[in-house]
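Below, each chain spelled out in residue letters.
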Amino acid sequence: MHLRSVTLKGFKSFPFRTKLEFGPGISVIVGPNGSGKSNITDAVLWALGEQSPLAVRGQTMRDVLFAGGPGVPSAPVAEVEVVLDNSDGRLGSDFSEIAILRRLDRSGEGEYRINGARCRLVDVLEVLSDTGLGKEMHSVVSQGKVEQIVLSRPRDRRRVIEEAAGLGKHRKRRHRAQLKLERTRANLERLLDVEREAR
Ligand code: ATP
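This report concerns the structure included in the present document. Because the structure is predicted, anything quoted here is derived from the model rather than measured. (Residues numbered from 1 in each chain as written. Predicted model: local features only at pLDDT ≥ 70, side-chain atom pairs only at ≥ 80, totals over all residues.)

### Description of the sheet that holds strand β1 (residues 2–9)
Here is step 1 of the chain: Reading across the sheet, the six strands line up as β2-β1-β3-β4-β5-β6 and stay open at both edges, with antiparallel pairing between neighbours. What marks the edges here is a single partner per strand, and that holds for β2 (18–21) and β6 (117–119). Adjacent strand axes in the sheet meet at a mean angle of 20°, parallel and antiparallel pairs treated alike.
Here is step 2 of the chain: As judged from the seven bridges shared by β1 and strand β3 (residues 77–85), these two strands associate in the antiparallel manner. Considered in β3, the bridge of histidine 2 is made with aspartate 85.
Here is step 3 of the chain: Sheet contacts for helix α2 (residues 121–128): β4 (97–105), β5 (110–114) and β6; angle to β5, the most-contacted strand, approximately 40°. (Pairing = 2+ DSSP bridges. Helix = DSSP H or I, 4+ residues; strand = E, 2+ residues; numbered from the N terminus. Axes fitted to C-alpha atoms, helices over the stretch in contact; angles between N-to-C directions. Contact = placed C-beta atoms within 7 Å.)

### Re the site of the ligand
Here is step 1 of the chain: Neighbouring the ligand are 14 residues, the closest being Asn33, Lys37, Ser38, Asn39 and Ala67.
Here is step 2 of the chain: Tallied by class, the residues present in the shell around the ligand amount to three nonpolar, eight polar and three charged. (Near = placed C-beta within 6 Å. Nonpolar A, V, L, I, M, F, W, Y, C, P; charged D, E, K, R; others polar.)

Right under this line is the structure:
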């Protein structure tokens, strides 16, 4: 599995449709300060479901929309598509390539698509959950993050390593199962009350 391409439109400093293609192995993006290199990694994080504006260096999520520049009006919609090569089947899908698209407009309306089909955020996270990619997976290490990890408390560092090893997914599933169990328990209590009253 590797990142095949990233296509941005209306996202941060990319008002026009811009496609970057990557091969297997190491790719390097070079450019002057402020030319938009980090905006590209922000775009990857964002398309893969990032929910925190801070994580993509904004105050609100609408900050990802191109704000306008000399002679170029602001963008009504931000759109990023990340295409992952799945020829080795690691994404647990029969498709040889998985295209994940996220869109957001100025009213705050957004959508996700996997291979063109509209889906929920949870579906995107599910596709990525076995890959070590996506939110909290530490596959994108931003400037300053290495220092933060080295200087963090052992317990926090352990959490980072657990997330990178894919344990976070199981923690989340356990949490969801616990919530479901609590809801079922509450329903059962209610039913028993009704039964007691009916006697
Ligand atoms: P450095 O090498 O200094 O880290 P960089 O190449 O990583 O720089 P970025 O941080 O990706 O640069 O890009 C910063 C540029 O993106 C700034 O010029 C900023 O004005 C522009 N930018 C950020 N958000 C938006 C937005 N919503 N609309 C338009 N431009 C934006």
